[in-house]
Amino acid sequence: MSRIEGNNMKNVWIERAVIAGLFIFSACKNNSPTEPNTPPTSGTISTGSTVAVMSGTIASNGGELRVSTGSLAGLVLSVPSNAYSGTKSFEISYADITGSQLRTSLSTIGPMIKIRNGGGYADSLMKLRIPVKVQAGKFAMGFFYVDRTGELEPLPLFESDSNHILIGTRHFSPGLISNVGSARAGTASPQSADDIANIVIIAMDFDKLVALKNVESNFIPGRDDWEFINYGSQIAPGGHCAGQSMTAMWYFYEEKPKVNIPLWGRFDTVANFQYDDNRGYRFASTIQKDFNFDGWIKNIDFQKTNSPLTYWCFALGIYASKQPQSLLMTSNSGGGHAMIVYGVDLTDRQNGRLVIADPNKPGKESEIKLTAGTFAPYVAGLKADGAMLQFENIGFAGKSSYLAWDKIRPRYQEVLNNTIGNDRFPAYKYYILNSDGSRQDLTEYFATADDSLDIYPDCPTLNTAVFSGHDRNGNTVSVNPKLALKGGENIVGFYLKQPYQIDATHKGERYIDFHWYHIFALQPTITKLVPNTAAIGDVIEIDGVQFGNDQAKGKVTFIDVVAKQIVSWSDTKITVKVPQGARTGNVYVSVGSRRSNGMVLNMGEGITSILPADSCGVGNLMTIYGDGFGNSKGLSSKVFLQNMKYGGSYPDIISWSNTMITCTVPVNIMPGDILRSDSINVIVIVNNTNLPPFVYKVFNPIPPYVYKATGLRLNFNYINPGNVSFSGTAIDKTTGFPNPGFDFDGLQWDKLNFTLSNSSKSQGQDGWTYEYNATCSGEIDSVYRFVNATVNGGGRIYRNDTTYMQFTYSMLLDHLQWSSTNGFGNTNTNNPIPKFTSIVHNVSFSGDYMNFNYNGAPPKTTGSWTLIPGQPSNADVQLLFH
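Counting restarts for each chain, with residues numbered from 1 along the sequence as it is written. Two thresholds apply to this predicted model, a pLDDT of at least 70 for residue-level local features and 80 or more for giving and counting side-chain atom pairs, whereas whole-chain, interface and lining totals are computed over all residues. Excluded from the side-chain calculation are hydrogens and water; included are all heavy atoms of the structure.

### A closer look at the overall build of the protein chain
The test is simple: Helix numbers and strand numbers start at the N terminus; a helix is a DSSP run of H or I with at least 4 residues, a strand a run of E with at least 2. Three labels apply to residues, based on accessible area from a 1.4 Å probe with only protein chains included: buried if under 20% of the type maximum, exposed if over 50%, partly exposed otherwise in between. Here, residues are in contact when the closest pair of their heavy atoms is within 4.5 Å. Accessible surface is estimated by sampling points in the Shrake-Rupley manner with a 1.4 Å probe; for residues, cover comes only from the protein chains shown.
A count of helical and extended segments in the protein chain gives seven helices and 59 strands. When the 882 residues of the protein chain are sorted by exposure, 51% land in the buried category. The long-range share in the protein chain, meaning contacts at least 24 apart out of those at least 6 apart in sequence, stands at 68%. Entry remark: accessible area of the protein chain is about 38000 Å², with carbon and sulfur atoms responsible for 48%.

### Here we look at the confidence of the model for the protein chain
To keep things clear, this is the line we draw: Residue-level confidence of the predictor, termed pLDDT, takes values from 0 up to 100.
Here the protein chain averages 79 in pLDDT, and 74% of its residues register 70 or above. Throughout residues 180–192 the model reports pLDDT below 50, and contacts reaching past four residues in sequence, or to other chains, amount to 22 contacts. Per-residue pLDDT stays below 50 along residues 702–750; that stretch engages in 120 contacts with residues further than four places along the chain or on separate chains.

### Brief notes about the nonpolar core
To keep things clear, this is the line we draw: What we call a nonpolar core is a set of buried Ala, Val, Leu, Ile, Met, Phe, Trp, Tyr and Cys residues that are connected through their side-chain atoms within 4.5 Å.
In this structure, Phe90, Phe139, Ile199, Leu327, Val344, Leu354 and Ile368 are the most contacted members of the largest nonpolar core, which totals 76 residues. With ten residues, helix H6 (residues 307–321) is the largest single contributor of residues to this core. Excluding anything up to four places from it in sequence, Ile368 contacts Leu327, Met339, Gly352, Arg353, Leu354, Ile356, Phe375, Ala376, Tyr378 and Ile394. Formed by 51 residues, the second largest nonpolar core is a distinct cluster that contains Phe228, Met249, Phe291 and Val415.

### Observations concerning the sheet that holds strand E2 (residues 63–66)
Stated formally: Whether two strands pair comes down to DSSP finding at least two bridges between them. A fitted line through C-alpha atoms serves as each axis, taken over the contacting stretch for helices, and the angle formed by two N-to-C directions is quoted from 0 to 180°.
Spatial strand order, E2-E3-E6-E10-E9: five strands in an open sheet with antiparallel pairing. Every interior strand has two partners, whereas the edge strands, E2 and strand E9 (157–160), have only one. Mean inter-strand twist for the sheet, computed between neighbouring axes without regard to direction, equals 15°. Pairing of E9 with strand E10 (residues 164–169) involves three bridges; the strand directions are antiparallel. Looking at the pairing, Glu159 lines up with Leu166 of E10.

### A few points about H6
Put simply, the rule reads: What a helix should span is 1.5 Å times the count of its residues minus one. As used in this structure description, the phrase polar contact means that two N or O atoms lie within 3.5 Å; if the pair is within protein, one of them must be able to donate a hydrogen and the other to accept it, and residues adjacent in sequence are counted only when both atoms belong to side chains.
End to end, H6 covers 21 Å across 15 residues, agreeing with the expected 21 Å (1.5 Å per residue, within 8%). Its side-chain oxygen placed 3.2 Å from the backbone nitrogen of Leu309, Asn306 serves as the N-cap of H6. Directly beyond the C-terminal end of H6, a positive phi value near 65° is found at Lys322.

### Some words on the environment of Ile536
Tracing the backbone shows Ile536 in the loop between strand E30 (525–530) and strand E31 (539–545). Linking Ile536 and Gly581, residues 45 residues apart in sequence, is a C-alpha distance of 7.6 Å. Ignoring sequence-local partners within four residues, the contact set of Ile536 consists of Val578, Pro579, Gln580, Gly581, Ala582 and Met603.

### Quick notes on helix H4 (residues 278–291)
The end-to-end C-alpha distance of H4 is 20 Å, a good match for the 20 Å that 14 residues give at a rise of 1.5 Å each. Most of H4 is tucked away, with twelve of its 14 residues classed as buried. Every buried residue of H4 is accounted for by Asn278, Gly280, Tyr281, Arg282, Phe283, Ala284, Ser285, Thr286, Ile287, Gln288, Asp290 and Phe291. Once H4 finishes, Asn292 follows within two positions and takes phi at roughly 50°, a positive value.

### A closer look at the pattern of salt bridges
We count it as follows: Criterion for a salt bridge: a side-chain nitrogen of Lys or Arg within 4 Å of a carboxyl oxygen of Asp or Glu.
Under the defined criterion, the tally for this structure stands at 27 salt bridges. One salt bridge connects Glu365 with Arg353, and the closest N-O pair in it is separated by 3.2 Å. On the criterion of sequence distance, the pair formed by Glu365 in the loop between strand E15 (352–357) and strand E16 (366–371) and Arg353 in strand E15 is long-range, its members being twelve residues apart. Taking relative accessible area as the criterion, Arg353 reaches 9% and is therefore assigned buried. Three or more residues are tied together by salt bridges with common partners; here these are Asp290, Arg411, Glu414, Asp423 and Arg424.

### Focus on the pairing of strand E5 (residues 107–116)
Relative to E5, strand E4 (residues 88–101) runs antiparallel, the two being bridged by five bridges. Note on E5: the bridge partner recorded for Tyr94 is Ile113. The loop that links E4 with its antiparallel partner E5 comprises five residues; one of these, Ser105, has a positive phi angle of about 75°.

### Focus: the packing of aromatic side chains
This is how the line gets drawn: Side-chain rings of Phe, Tyr and Trp (the six-membered ring for Trp) are treated as a pair once their centres are within 6.5 Å; stacked means planes under 30 degrees apart, edge-to-face means over 60, and tilted covers the remaining angles. We call a charge positioned above a ring when the Lys NZ or Arg CZ atom is no farther than 6 Å from the ring centre and deviates by at most 35 degrees from the ring normal.
What the rule picks out here adds up to 34 aromatic pairs. Summarising the aromatic geometry, the rings of Tyr311 and Trp312 are spaced 6.0 Å apart at their centres and angled 80° between planes, so their arrangement reads as edge-to-face. Across the pair, exposure class does not vary: Tyr311 and Trp312 are buried alike. A cation sits over an aromatic face here: Arg472 above Trp516, 4.8 Å from the ring centre. We note Arg510 situated over the ring of Tyr500; from NZ or CZ to the ring centre the distance is 4.0 Å.

### Quick look at the packing of helix H3 (residues 241–259) against H4
Heads up, the rule is: Note on terminology: angles under 35 degrees are roughly parallel, angles over 145 are roughly antiparallel, angles of 65 to 115 are roughly perpendicular, and the others are oblique. Helix crossings fall into two classes, left-handed where the near helix is turned counterclockwise from the far one by less than a right angle and right-handed where it is turned clockwise. Residue type decides the class: Asp, Glu, Lys and Arg count as charged, Ala, Val, Leu, Ile, Met, Phe, Trp, Tyr, Cys and Pro as nonpolar, and the leftover types, Gly among them, as polar.
Interhelical geometry of H3 versus H4 gives an angle of 110° and a closest axis separation of 7 Å. By the angle between their axes, H3 is roughly perpendicular relative to H4. Seen from above, H3 lies across H4 with right-handed handedness. Touching Cys241, Ala242, Gly243, Gln244, Met246 and Thr247 of H3 are Phe283, Ala284, Ile287, Gln288 and Phe291, all from H4. Here the contact of H3 with H4 is built from residues that sort into seven nonpolar, four polar and no charged.

### Regarding the sheet that holds strand E1 (residues 44–58)
Strand order in the open sheet made by the six strands is E1-E4-E5-E11-E7-E8, with antiparallel pairing throughout. Only two strands of the sheet have a single neighbouring strand rather than two, namely E1 and strand E8 (151–154). Strand-to-strand twist in this sheet, taken as the mean axis angle between neighbours without regard to direction, amounts to 30°. With seven bridges joining them, strand E7 (residues 138–146) and strand E11 (residues 196–205) adopt antiparallel strand pairing.

### So, the environment of Lys429
Along the chain, the position of Lys429 falls in strand E21 (residues 429–433). Remark: the alpha-carbon pair of Lys429 and Asp441, spanning twelve residues in sequence, is separated by 7.4 Å. Those residues within four positions of Lys429 in sequence are excluded, and the remaining contacts are Asp441, Tyr456, Pro457 and Asp458. Looking at Lys429, its side chain comes within polar contact range of the side chain of Asp441, at 3.5 Å.

### Some details on the packing of H3 against helix H7 (residues 408–416)
Interaxial distance between H3 and H7 falls to 11 Å at its minimum, and their mutual angle equals 75°. When the interaxial angle is binned, H3 and H7 end up roughly perpendicular. Seen from H3, the contacting residues are Met246, Thr247, Trp250, Tyr251, Glu254, Glu255 and Lys258; seen from H7, they are Ile408, Arg409 and Tyr412. Within the contact of H3 with H7, the residues separate by chemical class into five nonpolar, one polar and four charged.

### Section: unusual backbone geometry
Cis geometry marks the peptide bond from Asn480 to Pro481; its omega dihedral reads -10°. The residue Pro481 is located in the loop between strand E26 (476–477) and strand E27 (482–484) in this model. Going from Leu611 to Pro612, the amide bond is cis rather than trans, its omega being 0°. Note on placement: Pro612 falls in the loop between strand E39 (606–611) and strand E40 (615–617). A positive phi angle, near 60°, is found at Asn418, a position not held by glycine. In this fold, Asn418 is placed in the loop between H7 and E21. Under the relative-accessibility criterion, Asn418 is labelled partly exposed at 41%.

This is the structure:
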C-alpha cells in the first residue's frame, strides 16, 4: 500500500446548534408542465494555474495517499479494501481560487483540489481529509465543482472543525456523470477535463444561514417525483425507494432542463392508477437492483450519529447548489430507506425540520423534525405496504456520491426505447387459446372476428405469474380467462404480477409489468357496392373496412339470404356472387356476431302499383303490376296477403305474367267485425323468394242502413199493402189501403184486429244479397186512439253464403199520435181526447254491424238497446250499417 505521511486523522464534533423554521412545501405549488427547472449553474469559480502535488497507486486491498508538504499538507485520501477490483492510480493537484460568483454570503476557503483516478465508482466509500481553516461561527463543507456547467454538488461530511473537514465519495469524475445542459460560454473544456474531480470548500455564517428562515430547491412533489407508490416489485421485493428517489432526482437534474416536461405522469396513461406507468415502475426497480441497495445499505458508511452535522449539510448543500439532495437512513431493527430532501425549515439553533419527498407517499410532503439538536426517528416501511419501522440513523447522501449516478442514463435510454427491465424481469407474453386448442400470441395491436378471447400469460421462468385486466379508467375488467369484446377498439391493460405469501398476514403481489393492448373486435362497415344493380348470379364487389382476413369467420347476406359463393375476401374488399333468392334490399357483411351497416343492392324486381288504387273490397278483383314475377306461375310462386293484425291469406290467382298478376281478394283476409278497411302487405313470392312487400288496404263493403222508425210511422223497405190483413167490425173491407200507410178517413171501429207479414230479398252489386222480414199483429181502437201491437223484424246481408251482418228487433206500439191527422193518415176529430203519454216504447234491437242512435245519444255498435217509456214523442231510432 503506497503511503505519504501526514497528520493523524481525528474525529471532531461541530457545534450542535441547529436551526429550523417554518417552510411549507406541497404539491399545491404551481405544477405547470411548462415551468422550467432552475438553471443548473450554481456559480462560477475562477482559478489560477494547476499545480501537481502527487500521484500514486492504491492496490485492491486498499490504502491511503497522504500529502505532507505544500498548500495541501495534511490532505489524506483513504480507499477501503476491495473498493476497486485492481490497482487504481490517483493524481492530486490544486489551483488557487482567484475569484468566485456564488450565492449571497457564500465564500470559498483554500484552493480548488483536483483529483483524477480514471473514473468509475468504487464499491465502497472513499474519504478525503482536507486541511482547511474554518473561522468561528462559520459552517464549511466540500463540493464538487463542474467547470463545464458551473454546477456545485455537495459532498457527504463526516467531520468538521477549525482545522479540517472529512468528506466522502465513491467517485472522482462528476463531470463525466453530469450531463446537464451545455458547456458555459468560454469553457469549451476538453472531454479529458471532465474526469477530474474539482473539489472546493464553501463556508457560510451560521447566523446568516439561520436568517434565511427556509432553504428550498425548485423540486416540488406532485410535479417532480414519480406518481406511483413504492410497493416494490418481483425484482425488488423489499421496495425500490432508492431507485425511485434517485431516478426522480436524476430526471430533475439531467432531463427536465432539456425537455421541460415534469416527471409526474411523464410515462403515465391513466391518472390515479398505480400500475400502468410500467416504464417508470420498472425503471425504479431496475435501478434499485443495479444499485444492490438492499445489500449495500447494510454496510455503507455514512454520517448517522451527528444530527446537527447532517442537518447543516442539507441546509448549506441545498442553498449553495439550488438542488434537492438524497437522504439515506437505516433502522436499528434492520433495513434502509432512501428519500429526497428538497427543503429545510430554519427556526432557531436547536429546532427545525427537513422537508422530504418519500417514495412511499408520492405527491405529498413529509418531514423529519429536529428537536433540541436531535432528529426524531422517521417512521416508514421499506415499502409502502411494509411493516412500519423507526429509522433512527439519518444521513446526508448528496447527489452522486453514494449511489451510482452513471448507471441511470443508459437505463433511461431503455425507458425511452420501452425495453427497460427486460434484462431483469422475467420474460413473458400473453397468448390466446383458440377453440380448437391451438395457441395464438396476443400482440399489442390485435384484430379478431371473435366476440371474446381466452387469454393466458406465458411466463416460462415464473409459472406462478398471474394477471388482471383493466380499462382506460383503471377499472378492473373480467379476464377469467375470457375477455368479452365490444365492436371496434377495445383498449385493455394487463397487469402481470407474482402472488406471494410469507405467512397469514404477509401476503400480496409483486409487480412484473403492465401493458396496454389494442384489441380490435372487427366492426365491419360497407362503404360501396360495385355495381349497385345486379341480377342473380352476377359477381359484385363490397368495399369497406374491418371485414377481417379470415373468411371462415364472416358471411355476406342479401337481406336474409346468405351468399354461398365468396370469390375473395380481405379486410377491405369482398367479391361475392349474388345468390339465388336475392332481391332488392340491403346487403350485409357479418363478422362473428357483429353485422355491418346495410347497403341497398337493386335487383330490379317487385310491385310498382295495384288496381283498384289504394284499396279493394274483399271478394273483388285485384290487379298487381310490377316486374320480376316470372313469365308463368310455378309451384313455388304465389301471392300472400299479410294482414299485420290478423294473419294472412293466399288469394285465388286468375292470371300471372312477369309484369302483372290478377287475383281475387279472399273474404277471410279480414275478420267479420272490421268495419271499413285494414292495412295489409301484398307480397309476391317467386320461387320461394319474397319480393319486397307493397302496402295496400282491403275493406268490407257495407250498405248504409236497413231500417228506420220515426214516431209511429213504420216504413219497411219492400213492404206492400197486400201483405196486411185486418179483422173486426164496422170496417169496409173494400176500401183500399194506400202504401205505405192505412187510410182510416171516415171510419170508426173498436178493437180492429190486424196482422202484417212481409219479407224481402234483393240482389245488390258484386253479388251481395239483402234479406229483410217484419211481422206485426194487434188491435186498433180509433175512438180512444189506442194501439196494442208488437212489431218484430230482422234481416241479414250476405255474399256467397257467408253472412257479413245480421240483426233482429221488436217494437211495442200502445198509442196513436195526438194530432189532427193520426199516425195512419186519417183526420181525427173524435172525443174524448186522451192525454198523450208515449207513442213508441219498449223497442229493442240486437245484432252485428249496427249503430243504434236515439235522440242524439252516443251510438252503440253492438249488443241491444231499449227505448224507455216516457221519452219525448219525437223519438228517432235508426238502425244503421257502416
